[in-house]
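# Remarks on the overall topology
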Amino acid sequence: MDAVDISTETITLRRALSLRAAVALGVGGTIGGGIFVLVGNAAMLAGPSALLAFGCAFVVALLIALPYAELACRYPAAGGGYAFVREILGREWGFLMGWVFWGAYVFISGYVTLGFGGYLNDLTGMPPLFGALGLVAACTLINIVGVRLSGQVQQAIILLALAGLSGFVLLGLPSITVAHFHPWMPHGMAGAMSATLMAFLAFGGFDMVAAAGEEVARPERNLPLAILLTLGIVLFVYLAVAFVALGTLGWRGLGQSSAPLADAACIFMGPDGKKGIALVAVLTMAATGNAVLVVTSRICFAMARDGLLPKTLARVQADTGVPWAATLLSAGMLGAVALTGSLRMATAVGGFLYAMHFVPPLLVLMTLRKRDDGSPPFRMPLPTVLLPLALGVSGIMLVASGGTGMLGGLIWIGVGAGLRWVSPVVRRRS
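Residues numbered from 1 in each chain as written. Predicted model: local features only at pLDDT ≥ 70, side-chain atom pairs only at ≥ 80, totals over all residues. Heavy atoms only, no water.

## Comments concerning the packing of helix H4 (residues 91-124) against helix H13 (residues 343-356)
Rule in force here: Only the stretch in contact is used when fitting a helix axis, every axis being a line fitted to C-alpha atoms; angles between N-to-C directions are given from 0 to 180 degrees. Under the DSSP-based scheme used, a helix requires at least four consecutive residues in state H or I and a strand at least two consecutive residues in state E, with every element numbered from the N terminus. If an angle is under 35 degrees, it is roughly parallel; if it is over 145, roughly antiparallel; if it lies from 65 to 115, roughly perpendicular; otherwise it is oblique. Working rule for handedness: look at the near helix, and if it is turned counterclockwise from the far one by less than a right angle, call the crossing left-handed; if clockwise, right-handed. Residue contacts are defined here by distance: any two heavy atoms, one from each residue, within 4.5 Å place the two residues in contact. Residues were grouped as follows: Ala, Val, Leu, Ile, Met, Phe, Trp, Tyr, Cys and Pro as nonpolar; Asp, Glu, Lys and Arg as charged; and all remaining residues, including Gly, as polar.
Their axes nearest at 8 Å, the elements H4 and H13 cross at an angle of 150°. Judged on the interaxial angle alone, H13 and H4 are roughly antiparallel. Viewed along their axes, H4 and H13 form a crossing whose handedness is left-handed. Packed against H4, whose contacting residues are Val100, Gly103, Ala104, Tyr105, Phe107, Ile108, Gly110, Tyr111 and Leu114, the element H13 presents Leu343, Met345, Ala346, Thr347, Val349, Gly350, Leu353, Tyr354 and Met356 at the interface. Considering only residue class, the contact of H4 with H13 consists of 14 nonpolar, 4 polar and no charged.

Laid out in structure tokens, this is it:
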């Protein structure tokens with residue numbers, strides 16, 4: 001495998017992703033685990049008010065996506081939020097941001113890989129752990145071949161997934177039972193708030209577009225458009241699918257199922273429908289797994305290129321332009337999370353880190369707006385109102401992650417801080 005020279009910080013990636021490919025990356029990174037796995041967990045926490053939780057989570061995501069879209073226009077570089085923070089707040093803040101961003105998606109990958117394994121087990125009988133690790137291996141192979149192939153595979157899978165979910169909604173609507181929506185909020189407001197954090201993770205994906213910003217063609221136009229289109233498409237799909245699932249299987253059935261949409265489909269389409277939805281779930285979560293590997297590897301690559309991680313991780317394959325070393329390391333970490341087998345731990349820790357990783361970019365945009373620095377093609381509206389709101393809801397999401405999320409997230413941050421402190425000491429002694 002030939003690699004380009006990494007002795008400088010001028011390594012760049014190829015702009016090979018079109019608007020459609022960027023939207024496919026965002027939608028694929030969002031819908032997969034979110035709709036096929038987290039809808040069951042949200043229903044268990046909130047009952048039928050899981051629909052309200054998805055709506056609230058969309059508002060939270062939109063508040064954060066608007067400043068993210070503006071920053072993506074200003075800094076269309078690999079690493080997304082990491083690149084924004086590194087450029088404006090400096091290397092130390094940049095390392096913290098990159099480490100948290102990387103960790104968020106490493107842990108979030110758990111519900112994707114384990115969910116994939118659960119649906120594949122329902123479909124074929126393969127042990128869920130084997131399926132989870134097989135997904136990581138397949139995504140690694142596709143990404144090593146090249147980002148263009150990765151983007152093409154992503155588009156094809158997303159089109160199939162949206163067609164399957166559309167069929168689920170249209171065929172399920174006549175079978176909805178109104179009684180399944182009562183009581184509306186069986187676990188009170190606390191349950192709805194916990195479900196909102198879960199649903200917020202289900203909207204995680206729009207920032208994946210920014211993380212691959214260095215590979216998006218015409219970034220000044222396509223990056224903000226892809227971010228906002230991703231959120232709009234995902235909201236419509238989530239509400240329609242969750243409404244049918246709750247109305248047919250009921251919130252208790254969804255909450256107790258390891259393959260919630262497949263079991264809902266069995267109500268109105270029978271065993272063949274259950275297998276069909278399980279197949280759609282497998283394909284869609286494969287697309288999500290691919291998107292997660294893209295974003296984690298690009299964050300790792302960007303930090304290594306800037307000297308914040310070992311330079312070896314900035315190696316790029318000469319013929320494809322793929323950051324292969326960062327891809328292999330990130331794939332190994334995704335596999336390690338899958339090996340824990342704990343969906344609850346992965347979502348709690350991933351949720352804490354995911355909410356935290358939005359705070360530094362919001363501070364960056366506040367800084368830029370005070371300077372009135374530049375005039376990007378996209379500027380978010382009402383920054384004096386929406387930026388403080390975005391910070392406030394990020395804080396609420398941090399608290400909602402609970403004790404497990406906070407403890408695990410702080411341990412991850414502590415490990416990063418330790419590595420950052422040890423690294424220069426080791427270099428001086430050597």
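## Side note on the side chain of Thr140
Put simply, the test is: For every residue, the accessible area obtained with a 1.4 Å probe (protein chains only) is divided by the maximum for its type, and the residue is called buried under 20%, exposed over 50%, and partly exposed between those limits.
Its location among the elements puts Thr140 in helix H5 (residues 128-145). Thr140 gets classed as buried once you look at its relative accessible area, which sits at 12%. Sequence-distant contacts of Thr140, that is, excluding residues within four places in its chain, are made with Leu293, Leu328 and Ala331.

## A short note on the environment of Ser175
Along the chain, Ser175 falls in the loop between helix H6 (147-172) and helix H7 (188-202). For Ser175, a relative accessible area of 30% gives the class partly exposed. Taking C-alpha positions, Ser175 is 43 Å from Leu382, a pair spaced 207 residues apart along the chain. Apart from the residues lying within four places of it in its own chain, the contact partners of Ser175 are Gly247, Thr248 and Phe268.

## Describing the environment of Pro76
Tracing the sequence through the fold places Pro76 in the loop between helix H2 (50-74) and helix H3 (81-89). With 137 residues separating them in the primary sequence, Pro76 and Gly213 have C-alpha atoms 4.7 Å apart. Excluding anything up to four places from it in sequence, Pro76 contacts Arg15, Gly213, Glu214, Pro219 and Leu223.

## Describing H13
Condition: Any helix carries an expected span of 1.5 Å times its number of residues minus one.
A rise of 1.5 Å per residue sets the reference length of H13, with its 14 residues, at 20 Å; its end C-alpha atoms lie 20 Å apart and thus fit the reference within 8%. In terms of burial, H13 is largely enclosed, as 10 of its 14 residues are buried. The complete set of buried residues in H13 reads Ala346, Thr347, Ala348, Val349, Gly350, Gly351, Phe352, Leu353, Tyr354 and Ala355.

## A word on the nonpolar core
Applied cut-off: Throughout, nonpolar core names a set of buried Ala, Val, Leu, Ile, Met, Phe, Trp, Tyr and Cys residues whose side chains join them through atoms within 4.5 Å.
Counting residues in hydrophobic clusters, the biggest one holds 153 residues, and the most contacted among them are Phe36, Tyr119, Phe168, Phe203, Phe206 and Leu261. The element contributing the most residues to this core is helix H11 (residues 260-305), with 24 residues. Filtering out sequence-adjacent residues up to four positions away, Phe168 remains in contact with Val241, Val244, Ala245, Leu261, Ala264, Ala265, Phe268, Met269 and Ile277.

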